Amino acid sequence: MRDEAKVTLVQLTDYGDADSVIARMPHFFQQAADYGSDLIVFPEYVLGDRIPIDHERVLKFRELTASHAMYAISGLVESHGTKRATTAIVVDRAGDVLGRYLKSHPASGDPPYFWPPASTSASTAEATGILGNQFKVFHLDFGPIGILQCYDGYFPEAWGCTSYAGAELILWINGRDGQVEDAYCMFAADAYGCVIGANITNGSNTGFTGPRGSCVTAVGDPEPRRLFPRIAERGDACVHATINLHELRKQRKHLRQMHQRRPDMYGLLTQDVKMWQDYPDIPWVHEECESLTNKAQL
């Protein structure tokens with residue numbers, strides 16, 4: 001493991017055309033190469049919808065990765081017969097698939113709650129697909145990384161499990177409109193001693209953060225309580241940062257949220273808590289809600 005890693009995050013709007021995404025990727029690979037990046041990260045979904053892992057776009061992505069001799073991450077909706085999985089693939093410097101992480105928490109349902117999944121929302125499809133059953137760590141030549149996808153990042157447990165499994169960098173890849181939430185990233189970095197990289201397809205605020213804002217070096221001036229560096233506007237762009245892994249590991253060794261944990265008090269986190277039963281006088285918004293409580297999948 002090295003004491004430093006350079007990472008490029010790509011904010012790439014898909015415009016509903018995965019082929020155009022592939023055509024626009026070489027520009028970002030070249031920018032990452034010019035920066036000297038070890039890892040380039042693309043958003044959720046962008047390689048295509050319901051395609052096999054050996055689809056021509058995936059093969060082209062692997063070729064781009066190998067030709068630039070860097071690691072790369074990108075999302076796709078992977079086909080498994082009649083089923084689907086929201087997949088993030090990790091490609092090594094030689095262009096081989098090192099592994100993949102399947103999204104564990106489906107984003108489904110209508111606003112404002114985006115639940116229950118058995119609603120009219122088109123996103124309900126994720127709740128009928130194949131979900132991941134574990135958080136993963138991928139060992140790269142500079143250190144261990146983890147991946148979360150979009151709605152996964154709304155669960156503190158997902159950040160914690162990925163960090164506790166050994167991930168020093170967690171890449172939160174997104175595929176939704178709007179901004180990546182600074183607060184979620186900063187809480188995860190501070191509480192779990194990891195550097196967070198967040199990137200999004202059609203939105204903005206792709207960027208980095210580390211524990212207490214440390215460990216990340218980049219051009220520009222940090223803003224209070226914002227990701228840094230970050231892409232403030234919507235649309236195609238990329239952002240680079242250098243991660244001081246030596247400092248990050250020192251932070252993780254001394255992390256008070258680890259040394260002062262009280263696991264004897266946290267058993268409720270793995271129990272089937274039924275908080276909704278505290279509010280019997282409040283009606284369900286949708287008729288099907290009651291049959292779907294504490295269920296991630298249809």
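Just above sits the structure.
Residues numbered from 1 in each chain as written. Predicted model: local features only at pLDDT ≥ 70, side-chain atom pairs only at ≥ 80, totals over all residues. Heavy atoms only, no water.

A. Quick look at the overall build of the protein. Check the secondary structure of the protein and you find 6 helices and 13 strands. Its C-alpha radius of gyration of 19 Å places the protein within 12% of the 19 Å reference for a compact globule of 298 residues. On the principal axes, the C-alpha backbone points of the protein span a range of 60 × 45 × 30 Å. Here the protein holds 298 residues, and 51% of them are scored as buried. A total of about 14,100 Å² of accessible surface is found on the protein, and carbon and sulfur atoms cover 53% of it. In the protein, 28 side chains carry a positive charge and 37 a negative one; their mean positions are 6 Å apart. (Helix = DSSP H or I, 4+ residues; strand = E, 2+ residues; numbered from the N terminus. Rg over C-alpha atoms; globule rule 2.2 N^0.38 Å. Buried < 20%, exposed > 50% of the residue type's maximum accessible area, 1.4 Å probe, protein only. Areas by Shrake-Rupley, 256 points an atom, 1.4 Å probe, with all protein chains shown as cover. Lys, Arg positive; Asp, Glu negative; His and termini not counted. Charge placed at Lys NZ, Arg CZ, Asp CG, Glu CD.)

B. Summary view of helix H4 (residues 182-192). Those residues of H4 that sit buried are Asp182, Cys185, Met186, Ala188, Ala189, Ala191 and Tyr192. Residues of H4 that are buried sit in contact with helix H3 (156-164), strand S8 (169-173), strand S9 (195-199), strand S10 (206-209), helix H5 (245-253) and helix H6 (256-259). Trailing H4 by a residue or two, Gly193 shows a phi angle of about 60 degrees, which is positive. (Contact = heavy atoms within 4.5 Å.)

C. Main features of empty space enclosed by the protein. Going through the model one piece at a time under the given rule, you end up with 1 cavity of 30 Å³ or more. By volume, the largest cavity is sized at about 50 Å³. Residue lining of the largest cavity: Arg84, Ala85, Thr86, Lys103, Pro106, Glu126, Gly129, Ile130 and Leu131, and that is the complete set. By residue class, the composition of the lining of the largest cavity is 4 nonpolar, 2 polar and 3 charged. (1 Å grid on protein atoms, 1.4 Å probe; cavity = no way out; pocket = protein on both sides within 12 Å on 5 of 7 lines; lining within 4 Å. Points joined across faces, edges and corners; volume = space filled by probe spheres on them. Nonpolar A, V, L, I, M, F, W, Y, C, P; charged D, E, K, R; others polar.)

D. Seen up close, the sheet that holds strand S4 (residues 83-91). With mixed pairing, the 7 strands of this open sheet are ordered in space as S5-S4-S3-S2-S1-S13-S11. The strands lining the two open edges of the sheet, one partner per strand, are strand S5 (97-102) and strand S11 (216-217). Where helix H1 (residues 18-35) meets the sheet, it contacts strand S1 (4-11), strand S2 (39-41), strand S3 (71-80), S11 and strand S13 (237-244), and its direction lies at approximately 30 degrees from that of S13. Strand contacts of helix H2 (residues 56-68): S3, S4 and S5, with the helix running at about 170 degrees to S3, the strand carrying the most contacts. (Pairing = 2+ DSSP bridges. Axes fitted to C-alpha atoms, helices over the stretch in contact; angles between N-to-C directions.)

E. How the structure looks around the sheet that holds strand S7 (residues 143-149). As summarised here, the arrangement of the 6 strands in space is S6-S7-S8-S9-S10-S12, forming an open sheet in which the pairing is mixed. Each having just a single partner strand, strand S6 (138-140) and strand S12 (230-231) make up the two edges of the open sheet. Running over the sheet, H3 touches S7, S8 and S9 and is turned about 160 degrees from S7. Across the sheet, H4 lies against S8, S9 and S10, angled at about 160 degrees from S9, the strand it touches most.

F. Structural context of the packing of aromatic side chains. Evaluated as defined, the whole model comprises 13 aromatic pairs. Centre to centre, the rings of Trp172 and Tyr184 are 6.4 Å apart; their planes meet at 40 degrees, and the pair counts as tilted. With Trp172 in strand S8 and Tyr184 in helix H4, the pair connects residues that are 12 residues apart, well separated along the chain. The buried category is assigned to Trp172, whose relative accessible area is 0%. Taken together, the ring pairs connect Tyr151, Tyr154, Phe155, Trp159, Trp172 and Tyr184 into an aromatic cluster. The ring centre of Tyr35 lies 5.1 Å from the NZ or CZ of Lys6, which sits over that ring. (Phe/Tyr/Trp six-rings, centres within 6.5 Å; stacked < 30°, edge-to-face > 60°. Lys NZ or Arg CZ within 6 Å of the ring centre and 35° of its normal.)

G. Quick look at the side chain of Asn174. Of note, Asn174 is situated in the loop between S8 and H4. Each residue touching Asn174, except ones within four places of it in the same chain, is listed here: Pro43, Glu44, Cys150, Val180, Asn199, Ile200 and Thr201.

H. Structural view of the pattern of salt bridges. Counting across every chain of the model gives 18 salt bridges. With a closest N to O distance of 3.7 Å, Glu247 and Lys250 form a salt bridge. Of this pair, Glu247 and Lys250 both sit in helix H5, 3 residues apart, which is roughly one turn of that helix. Among the ionic contacts, a cluster of salt bridges with common partners joins Arg2, Asp38, Arg93 and Asp141. (Salt bridge = Lys/Arg side-chain N within 4 Å of Asp/Glu carboxyl O.)

I. Focus on the environment of Ile145. Tracing the sequence through the fold places Ile145 in strand S7. Along the primary structure Ile145 and Leu12 are separated by 133 residues, whereas in three dimensions their C-alpha atoms are 21 Å apart. Sequence-distant contacts of Ile145, that is, excluding residues within four places in its chain, are made with Ile73, Lys136, Val137, Phe138, Leu140, Ala167, Leu169 and Leu171.

J. Structural view of unusual backbone geometry. Going from Pro111 to Pro112, the amide bond is cis rather than trans, its omega being 5 degrees. Relative to the helices and strands, Pro112 resides in the loop between S5 and S6. The backbone phi angle of Ala69 is positive, close to 50 degrees, even though this residue is not glycine. Following the sequence through the fold, Ala69 ends up in the loop between H2 and S3.

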